[in-house]
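# Close look at the chain arrangement
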Amino acid sequence: MEAQNQNLKTTLPLSLGRFHISEDYGFLLPNPLKELPDHYKPWMEIANKLPYLIESHQLRALVNKMPLLNCHFLKGYREQRLAHLVLSFITMGYVWQEGETQPEQVLPRNLALPFVEISRKLGLPPILVHSDLVLTNWTKWNPEGPLEIRNLDIILSFPGGESLRGFILVTVLVEKAAVPGIKALVEAVNAILQLSQDSLLEALQQLRLSIQDITRVLEQMHDYVDPDIFYAVIRIFLSGWKDNPAMPMGLIYEGVSKEPLKYSGGSAAQSTVLHAFDEFLGICHSKESADFLHRMRDYMPPSHKAFIEEMRSAPSLRKYILSSGNGQLLAAYNQCMEALAELRSYHITMVTKYLITAAAKAKVRRQTHLPGPPKALEERGTGGTAVLSFLKSVRDKTVESIIHQNV
Ligand code: HEM
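Residues numbered from 1 in each chain as written. Predicted model: local features only at pLDDT ≥ 70, side-chain atom pairs only at ≥ 80, totals over all residues. Heavy atoms only, no water.

### Remarks on the overall build of the protein
Note the threshold: Secondary structure elements follow DSSP: runs of H or I no shorter than four residues count as helices, runs of E no shorter than two count as strands, and numbering proceeds from the N terminus. Radius of gyration here is computed from C-alpha atoms only, and the compact-globule reference equals 2.2 Å multiplied by the residue count raised to the power 0.38. For the exposure calls, accessible area comes from a 1.4 Å probe over protein chains only, and a residue counts as buried if that area is under 20% of its type's maximum, exposed if over 50%, partly exposed in between. Pairs of residues are marked as contacts when any of their non-hydrogen atoms sit within 4.5 Å. Surface exposure here means Shrake-Rupley accessible area, sampled with a 1.4 Å probe, where a residue is shielded only by the protein chains that are shown. Residues scored as positive are Lys and Arg, those scored as negative are Asp and Glu, and His as well as the terminal groups of each chain are ignored. The atoms used to mark charge sites are NZ of Lys, CZ of Arg, CG of Asp and CD of Glu.
Scanning the protein for helices and strands turns up 18 helices and four strands. Here the C-alpha atoms of the protein give a radius of gyration of 22 Å, agreeing with the 22 Å that 2.2 N^0.38 yields for 407 residues. Structurally, the protein occupies a C-alpha span of about 65 × 50 × 45 Å along its principal axes. For the protein, the residues scored as buried account for 56% of the 407 residues in total. Put simply, of all contacts in the protein between residues at least 6 apart along the chain, 79% involve residues at least 24 apart. Here the protein displays about 17,300 Å² of accessible surface, and carbon together with sulfur accounts for 53% of that area. Taking the 42 positively charged and 42 negatively charged side chains of the protein as two groups, their mean positions are separated by 4 Å.

If you want it as structure tokens, here you go:
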């Protein structure tokens, strides 16, 4: 049978727990901590006042006076994740405090050393990543209440006020909307291994619903995020020092390396969700897009990256469906692809509004000599891509992967 010829590395039953993925929260860190042990008070005091310290141009001076602390007193995974969140926020603020024209080229050792130490422990790069900004940066007002925007707040902030809060929390809700989809992947792989076509059909239907739900949740971005604020205020704090004309050499991490290091900025391209969906559905992206997307996997918690690998090495869904001769399975598969292409088209309209149109408006403002937003980053994603051609290629490959065949 088809499944028996397939990769036998996938052991049955596949489960989310193996990859530190929560049944309730998916890739979101369940109930993230908000406080570190007292030893790290100097970090927390700065991190909790970050928007004010950046806007009043005081952050760099305060960070320069910060004591050098090591990470030995961080107990357990959740404290380590909070420490990475805290140090990544302070780092982005430190580098970009004066905007794109005067980025700081050297991260002082009292920040660089613990940041690199905790990053190594977690297997993450020493820069702000999606797993900081979103997965670790949420809290419920009422712990017993639902995961809805009115019961949610962020833990750390940059300048950008309510728009920043909305940008992060809508993305938290996207991760939540993906949970049934992630579970469907696991159920589908188990169904293929057990040769259960009924279970596979059910899982594909669940996956399609989850993808459609993600698109619906994305629509909320318009209610909470002002495009001008996103473009002119928020975006720079997510920007990295790789493929960024504002910092062509990268950033020196003092005490770590004499050579500057280059890292991409935070982007939802580092969310594990669509990577896992793509691998499971068997979508092959163009070489250039795939190179970028694969690089983004190194910006994810290693156990989440391992989940994507598991999806990649699992028995091929496409081959299974084609050899099954089951028209219902084929239709359900194609509906997943259509839903995913629609999600990507919707994301492109959002990017057009929040980056391309906002950039054009900002250009006009610059011509009228009003203070302008980042220029070097114009029409580039925070991950450093030439945005639209990349996103369209990714969407078009999704459409091309629809199977046009009568089985
Ligand atoms: C204002 C809102 C948003 C903007 C302006 C935006 C912008 C971008 C940009 C510029 C890229 C290209 C990669 C880069 O250079 O960073 C990208 C990629 C991507 N974004 Fe967004 N994004 C937004 C919201 C979201 C949300 C909420 C999600 C959901 C988790 C998301 C998921 C993705 C994914 C998965 C990619 C990789 C391309 C793909 O797989 O289709 N984005 N985004």
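After presenting the structure, the write-up continues.
### Observations regarding the UniProt feature "binding site: heme b" (unreviewed entry) in the protein
The condition that has to hold: UniProt positions are given in the numbering used here, feature names are shortened, and annotations may be inferred rather than shown by experiment.
Sites flagged by UniProt as "binding site: heme b" (unreviewed entry) map to His347. Taking the relative accessible area as the measure of exposure, His347 reaches 29% and is therefore partly exposed.

### Thoughts on unusual backbone geometry
Positive phi outside glycine occurs at Leu195, with the angle close to 55°. Along the polypeptide, Leu195 turns up in the loop between helix H9 (179-193) and helix H10 (197-218). Residue Leu195 is classed as partly exposed on the basis of its relative accessible area of 33%. For Asp243, which is not glycine, the phi torsion reads 55° and is therefore positive. With respect to the secondary-structure elements, Asp243 resides in the loop between helix H12 (227-238) and strand S4 (252-253). On the basis of relative accessible area, Asp243 is assigned to the partly exposed category, the value being 42%.

### Structural notes on helix H5 (residues 76-96)
Residues that lie three or four places apart on an α-helix share one face, since the helix turns once every 3.6 residues. Formally: A helix's residues, less one, multiplied by 1.5 Å, set its expected span.
An ideal rise of 1.5 Å per residue puts 30 Å on 21 residues; H5 measures up with 31 Å between its terminal C-alpha atoms. The buried fraction of H5 amounts to 18 of the 21 residues, a majority that puts the element mostly inside the structure.

### Let's talk about the packing of aromatic side chains
Defined as follows: Classification of ring pairs uses Phe, Tyr and Trp, with its six-membered ring standing for Trp, and accepts pairs whose centres are within 6.5 Å; under 30 degrees between planes counts as stacked, over 60 as edge-to-face, and the remaining range as tilted.
In this structure the tally under the stated criterion is ten aromatic pairs. Summarising the aromatic geometry, the rings of Tyr253 and Tyr263 are spaced 6.0 Å apart at their centres and angled 85° between planes, so their arrangement reads as edge-to-face. Highlighted residues: Tyr253 in strand S4 and Tyr263 in the loop between S4 and helix H13 (272-281), separated in sequence by ten residues. Each member of the aromatic cluster is reached from another via a ring pair, and the members are Phe19, Phe27 and Phe307.

### Considering the coordination of the iron atom of the ligand
For clarity, the threshold we go by: In this listing, donors mean N, O and S atoms no farther than 2.8 Å from the metal, or 3.2 Å for Na, K and Ca; water is missing from the atoms, so a site can look incomplete.
Donor atoms from the protein around the iron atom of the ligand number only one, His347 (NE2), found at 2.1 Å. Of note, His347 is situated in helix H17 (residues 327-367).

### Let's talk about the side chain of Arg60
Heads up, the condition is: Should a side-chain nitrogen of Lys or Arg be within 4 Å of a carboxyl oxygen of Asp or Glu, the pair is scored as a salt bridge. Definition of a polar contact: a pair of N or O atoms within 3.5 Å, with one able to donate and the other able to accept a hydrogen when the atoms are protein atoms, and with sequence-neighbouring residues admitted only if both atoms are side-chain atoms.
Here Arg60 shows up in helix H4 (residues 59-64). It is Glu104 that comes nearest to the buried, bridge-free Arg60 among opposite-charge side chains, at 4.0 Å. From its side chain, Arg60 meets the backbone oxygen of Tyr94 in a polar contact 2.7 Å long. Apart from the residues lying within four places of it in its own chain, the contact partners of Arg60 are Tyr94, Val95, Trp96, Gln97, Glu98, Gln102, Pro103 and Glu104.

### Here's the deal with the packing of H5 against H12
The test is simple: Axes, fitted as lines to C-alpha atoms, cover a helix only where it is in contact. Angles between the N-to-C directions of the axes lie from 0 to 180 degrees.
Packing of H5 against H12 brings their axes to within 8 Å, and their N-to-C directions diverge by 115°. Only Ile236, Phe237 and Leu238 of H12 make contact with H5, whose side of the interface consists of Met92, Gly93 and Trp96.

### Considering the environment of Phe27
Its location among the elements puts Phe27 in the loop between helix H1 (2-5) and helix H2 (41-47). A sequence separation of 276 residues divides Phe27 from Ser303, and the C-alpha atoms of the two residues are 10.0 Å apart. Residues within four places of Phe27 in sequence aside, it is in contact with Ile21, Leu135, Glu175, Ile182, Thr272, Val273, His304 and Phe307.

### So, the environment of Tyr346
Turning to its location among the elements, Tyr346 is positioned in helix H17. Taking the C-alpha atoms as reference, Tyr346 lies 19 Å from Ile283; in sequence the two are 63 residues apart. Other than its neighbours up to four places away in sequence, Tyr346 contacts Thr215, Leu218, Glu219 and His222.

### Considering the nonpolar core
Let me state the cut-off plainly: Residues belong to one nonpolar core when they are buried, are Ala, Val, Leu, Ile, Met, Phe, Trp, Tyr or Cys, and are joined through side-chain atoms within 4.5 Å.
Formed by 137 residues in total, the largest nonpolar core has its most connected members in Trp43, Phe158, Leu204, Trp241, Phe280, Leu281 and Phe307. Broken down by element, the residue count for this core peaks at 18 residues, all from H17. Contacts of Phe158, omitting those with residues within four sequence positions, involve Leu50, Pro51, Ile54, Phe89, Met92, Gly93, Leu128, Leu133, Leu164, Phe237 and Leu238.

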